[in-house]
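Fold and geometry: a report
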Number of protein chains: 2
Amino acid sequence: MKVISPIKHAIVEDHFWKKYKDIVADEVIPYQWNALNDELPDAEPSHAIENFRIAAGESSGEYYGTVFQDSDVAKWLETVSYSLRDHPNPLLEKQADELIALLGRAQAADGYLNTYYLLREPGNRWTNLRDNHELYCAGHFIEAAVAYYETTGKSELLDIIENYVALIDSVFGPEEEKLKGYPGHEEIELALVKLYEVTGKEPYLNLARYFIDQRGQHPVYFVEEKENRKQRVSAPTWNDENQVNFGLGFEYQQAHQPVREQTEAVGHAVRAMYLYIAMADLAAKTGDPELKKTCELLWNDVTEHKMYITAGIGSAVNGEAFTCNHDLPNDSMYCETCASVGLAFWASRMLRLEPDRQYADVLERALYNGTLSGMDLDGKRFFYVNPLEVNPYQKARKDQEHVKTERQKWFFCACCPPNLARMIASVEDHIYSQTEDTLFAHLYIAGKMKTSLSGTEVEISQTHLYPWDGSIEFRIHTGDAVKFNLALRIPGWCKEARVNINGEETPLEHLEKGYLYIHRTWNDDIVSIELPMRVERLRSNPLVSMNQGQIALQRGPIVYCVEEADNGANLAALRLPQDSDMKADYDEHLLNGIVKITTEGYRVQPVAALYTTEAPKLSPQIITAIPYYAWCNREKGEMRVWLHEM
Amino acid sequence: MKVISPIKHAIVEDHFWKKYKDIVADEVIPYQWNALNDELPDAEPSHAIENFRIAAGESSGEYYGTVFQDSDVAKWLETVSYSLRDHPNPLLEKQADELIALLGRAQAADGYLNTYYLLREPGNRWTNLRDNHELYCAGHFIEAAVAYYETTGKSELLDIIENYVALIDSVFGPEEEKLKGYPGHEEIELALVKLYEVTGKEPYLNLARYFIDQRGQHPVYFVEEKENRKQRVSAPTWNDENQVNFGLGFEYQQAHQPVREQTEAVGHAVRAMYLYIAMADLAAKTGDPELKKTCELLWNDVTEHKMYITAGIGSAVNGEAFTCNHDLPNDSMYCETCASVGLAFWASRMLRLEPDRQYADVLERALYNGTLSGMDLDGKRFFYVNPLEVNPYQKARKDQEHVKTERQKWFFCACCPPNLARMIASVEDHIYSQTEDTLFAHLYIAGKMKTSLSGTEVEISQTHLYPWDGSIEFRIHTGDAVKFNLALRIPGWCKEARVNINGEETPLEHLEKGYLYIHRTWNDDIVSIELPMRVERLRSNPLVSMNQGQIALQRGPIVYCVEEADNGANLAALRLPQDSDMKADYDEHLLNGIVKITTEGYRVQPVAALYTTEAPKLSPQIITAIPYYAWCNREKGEMRVWLHEM
């Protein structure tokens, strides 16, 4: 098996992503630091760092926050780690170092490090894996430690975390004296694979495998665990004992059956993503064909039955969960930002199992749509839930109360903003991957990088105005001439791609799973890719009942929406003729610079009657669409992605 | 002011309604008797009659059921009263008499009669009007007593109930020593007007007016009442103290502002209907123009903004309530059967304020669609919630759990089946009304009746096959020739009506609010009405976002739906061409005899992709539609009312 490795040191010079990466460095990281330190006015207090101070004996007071409050600190550290790669900031690094030192002082003598249990239920460690996120928080700290070590070379956090993992490894495993448990919220599994990657220590991989394969074995561990809890005094958890797991059974945690037998994506969408990432990682590390097959089946289920066109997933607020196939309501779904971030990460991991355009297409769909929509253009306000249709004038029904019509400042349960921040800060990690002699270009994000291919150092740069323009130039520079494959993804959305090398056209008939493999001797070469960006009209599968008779607009990787700011109120009354001509123009002043789409359409004229036999009267109206990710950056108003065709 | 009186003694010989009335007499009444006596296997026990036995000291045990369990007994008695008019049944009448005697024995010495308080909280009478339905149950007993007296001439129940009302009148009212309360669930107000009608006793009308005008005065009585409850030990109620009134405030009970200031229908839909009925009744009795105006404003709000095409109302399960204008989702609404029954009753009452077709059109819409859908064709299973779209294969989202995809046997909260039964048993009461010299024919329900017009006895019969055929014959027979107005409603759905008298065409240009007034001297005459029943394509107002691009079929008063049984699964994939020819054929073997509609349409062919740029491929398909009320009488499957047009 050829090992496919990601390339983590690309320099982003992309006009689209650079802005976001700057915002994360300049706005989001300081903002979140203030949040973690309870220094945001008018926002939910976090208390996350204060919890560590109390645990370290350096402050008094009580634990406050969700049971997974620690993970906000970990995600902040992870984001800082990525950001420091291209935004060096000694002051920030010092803050991080001091925070890491605090974590060290908060850590128990035996390595344990979870402030909820240290402060709130010191005698109850590992007694409620189902609800209390101990292993989940540990996983986020592992990810942070790996990232901080990779960026700075400093091992303090890695040492702290390896001590903690040693403790965890002594508690869980197949040996008779150990607990047969696994996390209620997956995360540590994928983190352990990362820790194995950076340390080369096999026990970490074995523990990841143990957690994955133990999951869903019968009798389900959480049942036994609950029985054992009866002999203790435990604080009540978020999990309602009258309706455990939101009535979803152990499907909620993907623990209803052994992981390798699972073929349908079920339960809490973020949990599912983190599990599937770990499975893909383990399959990539071990070459396990069964696990790879399971990942593929689950991938097909998510992307063919359960994914919004924005790459939103999780259509039910109840349990923030997947529902049944093709159940994709646009106004009452969940589509948590974290879930789309997870989907992007999973897609990127699937590409390490097998370079196949379908994964990169979804990765791109998530990056440019359903994840970014979670943040405003200033990086100051965030969506948890990413609807495809809102009407803020409607007094919300109870089943839509979770759908906010404006981004919020900070959340009591603050998982999404830091998750999005770490994704943006590390977006370059998904652009390329490679084997010994093949370089895969999955994403078109401008910038440069160096790597070694067929034993020779190669410099590669991308220049373009993607995602607004599809003219892409790759420059390949090698010291000595060297043979390798350059595998370029031809996006699934582009039917008319053209590629030439040093001005000479290359045929595109023979794509391999959507990649054009250019095998040649490279030296100083220019590869030009033309990806014409037509405005496409997308239709849903006829089984998606909510979207019938409607289309969504997509141009390049960008999914569009219409907003009241451009089109007036009552967007449901807009009608798009089947043959209307679509104009796409770049407007540098609009929403930080976007291509907006305009077309001649109609609006159904208002009528008084609630029901009428009369044919609707139509007035001509220019319909203006903007990128979905940029919605709700002007005044509050209606928005919708799916438009009625006529 | 001319008093418009309903005519309550028409004999129904209608092939459509006769069947339903027979079912109520032969199936529903005995079935519900068994339910009230806990003799139904596999169904929720009712305990309603046992509660009275316990209260009478004739049985031991504890109260069981909802706080309004008594009302099921009352509604059964009311239904029996109507049914006995045309289905004489000495055995049933004896059962009723014995039950009435039991009520008498259960009644407290001071007249009080509510088994919940008699048995469960004897010291707490009148301390929780907001939640505990005391006055509501009293109202239903008043309605039963009036109906039983009107049918049988027996006054035992009326005596019992007048004693109870005397007690209530001594407790509530403007006098200083009395409570300033009013019911949390309206019902007694309209019942008191009925009691006034049959007894002529003014205090009943005054008490009704007091309850209506006191409602919503500030400070809201329920606040003071809650304060007072703190000095008592009360059982917890269904109203969650953490989210009182489902978070809807006093709008839930229409007590947020004085009734005469209300212009928008809000809160619990059944409560709202019962209040509006009482307001219309009071306005009709007193000629109060302000109250009439308020009724008209509320009517417009409901029927122009908040009513499904089936006459379903109440689009939110939360609080079984109205939401905002044009918020009419088809798959997650409430549309309680009781609410549509209430709407039918309200429409009929509005006709007593003013004969205006808009009221009769809604009355008819409710009778033939959203009420009847609440019962299967055998009268054995019932819907509480009447969706316009179901897909039983979809694992229900939490926000749709209340929407059942099959009718159920009996409910713990059994309000709807008896409510529907009493509506069917008394459907003839809505056909005609009259002043001294004008007879109004509001509904086309075949049968005959006698009344006095301009001082002369007149016999009138209707013959037709309505609602399947629009050829209607009225025969008017008078002993002596007599001048009076016959005012015929020309239904709003019919654009091509023709009327002739004794074979001679009458012009229809001058309709007065949708009624054709025929002023002449009558003796032995035949009036023929032709109401051609074209299949109409109805569209929703463009503000109803859920229904855009879709049409509903209506023929005569009947709203249609498509079912999987006729059209296969995935009904959302059906496409109806704008110009398709509609065939309407009577099929006597289908669903107890219906006109079914067939047309040449298309079905979008299945595709694998979740999203595609390819235009949908269509296969021709005959689309078959059946009356909405008759859905779910064959195998379980999909159903939808709104169909995609192309």
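All figures in this text were calculated on a predicted structure; none of them were measured in a lab.

**So, the domain arrangement of chain A**
Residue and element names in this part refer to chain A. Segmenting chain A into domains produces domain 1 (47–236), domain 2 (258–424), domain 3 (432–530) and domain 4 (535–644). On a C-alpha basis, the centroid separation for the pair domain 1 and domain 2 is 23 Å. At the interface, 31 residues of domain 1 touch 25 residues of domain 2. Taken together, the two surfaces of domain 1 and domain 2 that pack against each other cover about 2400 Å², and 65% of this comes from carbon and sulfur. At the junction of domain 1 and domain 2, the tally comes to 4 salt bridges. As a salt-bridge pair, arginine 260 and aspartate 213 come within 2.8 Å of each other at their nearest N and O atoms. On the surface where domain 1 and domain 2 come into contact, there are 6 residue pairs in polar contact (both at pLDDT 80 or more). The element that contributes the greatest number of residues to the side of domain 1 that touches domain 2 is helix H8 (residues 188–199), accounting for 6 residues.

**Brief notes about the pattern of salt bridges**
One pass over the full model with this rule turns up 95 salt bridges over all chains. Measuring nitrogen to oxygen at the nearest pair gives 3.7 Å for the salt bridge that ties glutamate 536 of chain A to arginine 534 of chain A. Taking relative accessible area as the criterion, glutamate 536 of chain A reaches 11% and is therefore assigned buried. Between lysine 94 of chain B and glutamate 98 of chain B there is a salt bridge; the shortest N-O distance is 3.2 Å. Highlighted residues: lysine 94 of chain B and glutamate 98 of chain B, both in helix H4 (residues 90–106), separated by 4 residues, approximately one helical turn. Taking relative accessible area as the criterion, glutamate 98 of chain B reaches 46% and is therefore assigned partly exposed. Connected through shared salt-bridge partners, Lys21, Arg85, Asp86, Glu428 and Asp429 of chain A make up one network.

**Here we look at the interface of chain A and chain B**
Contacts between the two partners involve 62 residues from chain A and, on the opposite side, 62 residues from chain B. Buried surface at the junction of chain A and chain B, summed over both partners, amounts to about 4500 Å²; 53% is from carbon and sulfur atoms. In this structure, the connection of chain A to chain B is made through 0 salt bridges. Contributing elements (two or more residues each) for the side of chain A that touches chain B: helix H12 (289–305), strand S12 (535–540) and strand S18 (611–612) of chain A. Of the residues forming the side of chain A that touches chain B, the biggest block, 5 residues, is contributed by S12 of chain A. Tallied by class, the residues present in the side of chain A that touches chain B amount to 25 nonpolar, 20 polar and 17 charged.

**Some details on empty space enclosed by the protein**
This structure, assessed with the given rule, holds 8 cavities of 30 Å³ or more. Taken as a whole, the largest cavity encloses approximately 430 Å³ of empty space. In terms of lining residues, the largest cavity is bounded by 29 residues, among which Asp331 and Met546 of chain A together with Asp331, Glu389 and Met546 of chain B are the most central. Taken together, the residues of the lining of the largest cavity sort by class into 7 nonpolar, 12 polar and 10 charged. Taken as a whole, the second largest cavity holds about 280 Å³ of empty space. Considering the residues around the second largest cavity, the lining is formed by 22 residues, among which Tyr82, Lys194, Arg349, Arg352 and Asp429 of chain B are closest to the centre. Residue composition of the lining of the second largest cavity, grouped by class: 8 nonpolar, 2 polar and 12 charged. Both domains that meet at the lining of the second largest cavity, namely domain 1 (44–232) and domain 2 (247–426) of chain B, each give it at least three residues.

**Points about the relation of the copies chain A and chain B**
By a simple turn and slide, chain A fits onto chain B: the slide is 0.0 Å along the axis, the RMSD is 0.0 Å, and the turn is 180 degrees. On this basis, the relationship between the two copies can be described by a two-fold rotation axis. Rotation axis and chain A: the residue whose C-alpha lies nearest the axis is aspartate 399 of chain A, separated from it by 2.9 Å. A symmetric contact is evident, with 100% of the interface residues of chain A recurring at the interface of chain B.

**A word on the packing of aromatic side chains**
Where two aromatic rings form a pair, the distance of their centres and the angle of their planes describe that pair. Using the criterion set out here, one finds 79 aromatic pairs over all chains in the structure. For the pair phenylalanine 52 of chain A and phenylalanine 141 of chain A, a centre-to-centre distance of 5.9 Å together with 90 degrees between the ring planes defines the contact as edge-to-face. Taken together, the residues phenylalanine 52 of chain A in helix H2 (residues 48–55) and phenylalanine 141 of chain A in helix H6 (residues 134–152) connect sequence positions 89 residues apart. For the pair phenylalanine 52 of chain A and phenylalanine 141 of chain A, a shared accessibility class is recorded, and that class is buried. Here a set of aromatic residues connected by ring pairs shows up, and it is made of Phe16, Trp17, Tyr20, Tyr368, Tyr444, Tyr466, Trp468, Phe474, Trp493, Tyr586 and Tyr629 of chain B.

**Side note on the state of the cysteines**
Disulfides are covalent bonds that connect the sulfur atoms of two cysteines. Scanning the model with the defined rule gives 0 disulfides over all chains in all. Just so you know, cysteine 561 of chain A is unpaired, no disulfide at all, and the nearest cysteine sulfur is the one on cysteine 632 of chain A, 10 Å from it.

**Structural notes on H2 of chain A**
Residue and element names in this part refer to chain A. Along H2, 6 of the 8 residues are buried, which leaves the element largely enclosed by surrounding structure. If you check which residues of H2 are buried, you get Ala48, Ile49, Glu50, Asn51, Phe52 and Ile54. Taken together, the buried residues of H2 touch helix H1 (15–36), helix H3 (70–86), helix H4 (90–106), helix H5 (115–119) and H6. Backbone geometry just after H2 places glycine 57 at a positive phi near 80 degrees.

**Section: the side chain of threonine 79 of chain A**
Within the secondary structure, threonine 79 of chain A sits in helix H3. Among residues more than four places away in sequence, those in contact with threonine 79 of chain A are Val24, Ile29, Pro418, Ala421, Arg422 and Ala425 of chain A.

**Structural notes on unusual backbone geometry**
Looking along the chain, the bond that leaves histidine 218 of chain A and enters proline 219 of chain A is cis, with omega of -5 degrees. In this chain, tyrosine 466 of chain A is followed by proline 467 of chain A through a cis amide linkage whose omega measures 0 degrees. With respect to the secondary-structure elements, proline 467 of chain A resides in the loop between strand S7 (456–463) and strand S8 (471–489). One non-glycine residue, asparagine 570 of chain A, adopts positive backbone phi at about 60 degrees. Mapped onto the elements of the fold, asparagine 570 of chain A is located in the loop between helix H16 (564–567) and strand S15 (574–575). Of note in this structure, asparagine 245 of chain B is not a glycine but carries a positive phi near 55 degrees. As for its position among the elements, asparagine 245 of chain B is in the loop between helix H10 (221–229) and helix H11 (269–286). The class of asparagine 245 of chain B is buried, set by a relative accessible area of 1%.

Scoring rules and cut-offs
- Residues numbered from 1 in each chain as written.
- Chains lettered and ligands numbered in written order.
- Predicted model: local features only at pLDDT ≥ 70, side-chain atom pairs only at ≥ 80, totals over all residues.
- Heavy atoms only, no water.
- Domains from an automatic or database assignment.
- Contact = heavy atoms within 4.5 Å.
- Buried area = accessible area lost by both parts, 1.4 Å probe.
- Salt bridge = Lys/Arg side-chain N within 4 Å of Asp/Glu carboxyl O.
- Polar contact = N/O pair within 3.5 Å; in protein donor to acceptor, adjacent residues only side chain to side chain.
- Helix = DSSP H or I, 4+ residues; strand = E, 2+ residues; numbered from the N terminus.
- Buried < 20%, exposed > 50% of the residue type's maximum accessible area, 1.4 Å probe, protein only.
- Nonpolar A, V, L, I, M, F, W, Y, C, P; charged D, E, K, R; others polar.
- 1 Å grid on protein atoms, 1.4 Å probe; cavity = no way out; pocket = protein on both sides within 12 Å on 5 of 7 lines; lining within 4 Å.
- Points joined across faces, edges and corners; volume = space filled by probe spheres on them.
- Least-squares fit on C-alpha atoms with pLDDT ≥ 70 in both.
- Phe/Tyr/Trp six-rings, centres within 6.5 Å; stacked < 30°, edge-to-face > 60°.
- Disulfide = S-S within 2.5 Å.

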